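Structural features, examined
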Amino acid sequence: MRFLIAALFLCCAAAYDPLDPNGNITIKWDIMSWTPDGYVAVVTMSNFQMYRHIMSPGWTMGWTWAKKEVIWTMVGAQTTEQGDCSKFKGNIPHCCKKNPTVVDLLPGVPYNQQFSNCCKGGVVSSWGQDPQAAVSSFQVSVGQAGTSNKTVKLPKNFTLLGPGPGYTCGPAKVVPPTNFLTTDRRRKTQALMTWNVTCTYSQFLARKHPSCCVSFSSFYNETITSCPTCACGCENKNKCVKSDSKLLSMVGINTPRKDNTPLLQCTHHMCPVRVHWHVKVNYKDYWRVKVAITNFNYRINYTQWTLVVQHPNLNNVTQVFSFDYKPLVPYESINDTGMFYGMKFYNDLLMEAGSSGNVQSEVLMQKDKNTFTLKQGWAFPRKVYFNGEECMLPPPDTYPFLPNSAHPSRVSLSMLFCFVLLFFVVMW
């Protein structure tokens, strides 16, 4: 019983992100009109997560109908299966399944199949990176359903893949109808009925191992603190490829698999992504860090990647040279977290493993003389997230250390001993 309670606690706690406490994906259904046997609704998915986006191959949404509803038509999306529609004569529904699975349409579909904020292959930006691209929507015509607010039954058991597991969706809840402004912005209309579904992400549910790791180095110590061994699990150790392998020249080796099986470069950490933080220069009033992100997966390009770092000196960032940067301040009194992401059309695409599979930038920060120090690992980040996934940091006792007073003390003691010895020789 205690184990069950502990497991439940861990599961729930993992869905709460302290760096993005209000982050979620909200799926909103707006009934825009009634039909003879149902309704036409606009379904809008808004990603309110500050730094976790949905990358290719995109989102997959599902639910279970409360009655015997069918989908007559869809615009801007499609179901992956039609189901058994054999009882219908004449007009055949788009989908007759009790639990339909819906995906976004690909770019370039005919104009008459498009809807606003659709047709991006399911790719949805994070709210902090690009709010306008953090929305996806489609229109659905539902039949054999209720035809009034009192007879409509809300769908249940919502699921969301983005693109993999990790999201848990709550029940649909009726909310005040959405208001809309006409194109001339002089008239306000509203939906006939609206309900919301809220989905939250848990890394604990998504995977049993981290998907990235962090390494450290500094100008004041030759030691490079590498990622922990098997930081991302070593299940794929026997399936990895060495960087000089002839397999990499085979046609189609970089083609993604439907099950997203990775093809990793052989490393001791076996992580798809490594983030390296190098303390580069210490000026009088400033200090400079170099951040590099390396992709070790030969089958994935990371589009619209994000890197979130927690460090106390991010409250005074002077310049970020090759990345875009945005402070994340979920708690107004604390400004120690920031999001780095690629510059559009320059380095917002992290290529697959290989010579081009890395992006990097330098960060200049102004010192707070009351807190700044190079001692005890202060110069290294407290937390690092890549694409919304928390990365594994090395153990603190392995961080590059600042040469401390121990070495000068030995010199002083030896010099003192020499002086004492010389004194006795002279006196003798």
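Residues numbered from 1 in each chain as written. Predicted model: local features only at pLDDT ≥ 70, side-chain atom pairs only at ≥ 80, totals over all residues. Heavy atoms only, no water.

Helices and strands together make up the secondary structure of the protein, namely three helices and 26 strands. Here the contacts in the protein between residues at least 6 apart in sequence split such that 72% fall between residues at least 24 apart. Total accessible area on the protein is roughly 23,300 Å²; 57% of this is exposed by carbon and sulfur atoms. (Helix = DSSP H or I, 4+ residues; strand = E, 2+ residues; numbered from the N terminus. Contact = heavy atoms within 4.5 Å. Areas by Shrake-Rupley, 256 points an atom, 1.4 Å probe, with all protein chains shown as cover.)

One pass over the full model with this rule turns up 22 aromatic pairs. A centroid spacing of 6.2 Å and a plane angle of 80° characterise the contact between Trp29 and Phe158, whose relative ring orientation is edge-to-face. Within this pair, whereas Trp29 is found in strand 1 (residues 25-35), its partner Phe158 is found in strand 8 (residues 156-161), the two being separated by 129 residues in sequence. Its relative accessible area of 6% is what places Phe158 among the buried residues. An angle of 70° between the planes, with centres 5.5 Å apart, marks the rings of Phe380 and Tyr399 as edge-to-face. Note that Phe380 is positioned in the loop between strand 24 (358-366) and strand 25 (383-386) and Tyr399 in the loop between strand 26 (389-390) and helix 3 (406-427), a separation of 19 residues in sequence. Just as Phe380 is buried, Tyr399 falls in that class too. (Phe/Tyr/Trp six-rings, centres within 6.5 Å; stacked < 30°, edge-to-face > 60°. Buried < 20%, exposed > 50% of the residue type's maximum accessible area, 1.4 Å probe, protein only.)

Looking now at the state of the cysteines. Going through the model one piece at a time under the given rule, you end up with eight disulfides. Disulfide partner of Cys212: Cys391, at an S-S distance of 2.0 Å. One quick way to see it: the torsion about the S-S bond of Cys212 and Cys391 is about -95°, and its sign makes the bridge left-handed. With a gap of 179 residues between them, Cys212 in strand 14 (residues 212-218) and Cys391 in the loop between strand 26 and helix 3 connect regions that are remote in the sequence. With respect to class, Cys212 is no different from Cys391; both count as buried. Between the sulfur atoms of Cys232 and its disulfide mate Cys271 the distance is 1.9 Å. Here Cys232 and Cys271 share a disulfide; its torsion about the S-S bond, 95°, makes the bridge right-handed. On the criterion of sequence distance, the pair formed by Cys232 in the loop between strand 15 (221-225) and strand 16 (273-282) and Cys271 in the loop between strand 15 and strand 16 is long-range, its members being 39 residues apart. According to the relative accessible area criterion, Cys232 is buried, its value standing at 9%. (Disulfide = S-S within 2.5 Å.)

Sheet strands pair by backbone hydrogen bonding; their relative direction is either parallel or antiparallel. The antiparallel open sheet is built from five strands, whose spatial order is 21-22-19-25-26. The sheet is open, and its two borders are formed by strand 21 (323-328) and strand 26, each paired with just one other strand. Sheet analysis places strand 25 next to strand 26, joined by two bridges and oriented antiparallel. Counterpart to Tyr385 in the pairing with strand 26 is Glu390. (Pairing = 2+ DSSP bridges.)

Moving on: the sheet that holds strand 5 (residues 77-79). The four strands are arranged 5-6-3-8 in an open sheet whose pairing can be described as antiparallel. The open sheet has two free edges, formed respectively by strand 5 and strand 8, since each of these has just one partner strand. The mean angle between the axes of side-by-side strands here comes to 20°, regardless of whether they run parallel or antiparallel. In the sheet, strand 3 (residues 60-64) pairs with strand 6 (residues 101-104) via three bridges, with the strands oriented antiparallel. Along strand 6, the bridge assignment pairs Met61 with Val102. (Axes fitted to C-alpha atoms, helices over the stretch in contact; angles between N-to-C directions.)

The next point concerns unusual backbone geometry. Residue Pro57 is reached from Ser56 by a cis peptide bond, and omega for that bond is 15°. Note that Pro57 resides in the loop between strand 2 (38-47) and strand 3. That bond from Gly162 to Pro163 is cis: its omega, -10°, falls within 30 degrees of zero. Phi is positive for Cys119, close to 60°, though the residue is something other than glycine. By the element assignment, Cys119 lies in the loop between strand 6 and strand 7 (135-143). The phi angle at Asn387 is positive, at roughly 50°, despite the residue not being glycine. Note on placement: Asn387 falls in the loop between strand 25 and strand 26.

We now examine the environment of Glu81. Tracing the backbone shows Glu81 in the loop between strand 5 and strand 6. Taking the relative accessible area as the measure of exposure, Glu81 reaches 48% and is therefore partly exposed. Along the backbone, Glu81 and Thr101 are 20 residues apart, and their C-alpha atoms lie at a distance of 7.3 Å. When neighbours within four sequence positions are excluded, Glu81 is seen to be in contact with Cys95 and Lys97.

Consecutive side chains of a regular strand alternate in pointing toward one face of the sheet and then the other. For strand 2, the tally of buried residues reaches ten of ten residues, placing the bulk of the element in the interior. Relative to strand 2, strand 1 runs antiparallel, the two being bridged by ten bridges. Residue pairing across strands places Asp30 opposite Val42, the latter belonging to strand 2. The hairpin turn running from strand 1 into strand 2, its antiparallel successor, is two residues long. In the sheet, strand 2 pairs with strand 7 via eight bridges, with the strands oriented antiparallel. Directly across from Thr44, in strand 7, lies its bridge partner Ser137.

Take a positive patch on the surface next. Taken together, the side chains of Lys68, Lys87, Lys98 and Lys156 make up a positively charged region of the molecular surface. Here Lys87 is to be found in the loop between strand 5 and strand 6. (Patch = residues over 30% accessible without salt bridge, like charges linked within 9 Å, V, L, I, M, F, W, Y side chains within 5 Å. Salt bridge = Lys/Arg side-chain N within 4 Å of Asp/Glu carboxyl O. Lys, Arg positive; Asp, Glu negative; His and termini not counted. Charge placed at Lys NZ, Arg CZ, Asp CG, Glu CD.)

Before going further, it helps to spend a moment on the nonpolar core. Considering soluble globular proteins, one finds that nonpolar side chains tend to be buried as a cluster. Judged by nonpolar contacts, the single largest core of 35 residues is most densely connected at Trp29, Tyr39, Met45, Trp59, Phe138 and Val140. Of all the elements in the fold, those that place two or more residues in this core are strand 1, strand 2, strand 3, strand 4 (70-75), strand 7, strand 8, strand 9 (167-169) and strand 13 (193-201). Take this core: its biggest share by element is five residues, from strand 13. Dropping the residues within four chain positions of it, Met45 is found in contact with Ile25, Thr26, Ile27, Ile54, Trp59, Met61, Val124, Ala134, Val135, Ser136 and Leu160. Core analysis: the second largest hydrophobic core is formed by 34 residues, Tyr220, Leu314, Val320 and Cys391 among them. (Core = buried A, V, L, I, M, F, W, Y, C linked by side-chain atoms within 4.5 Å.)

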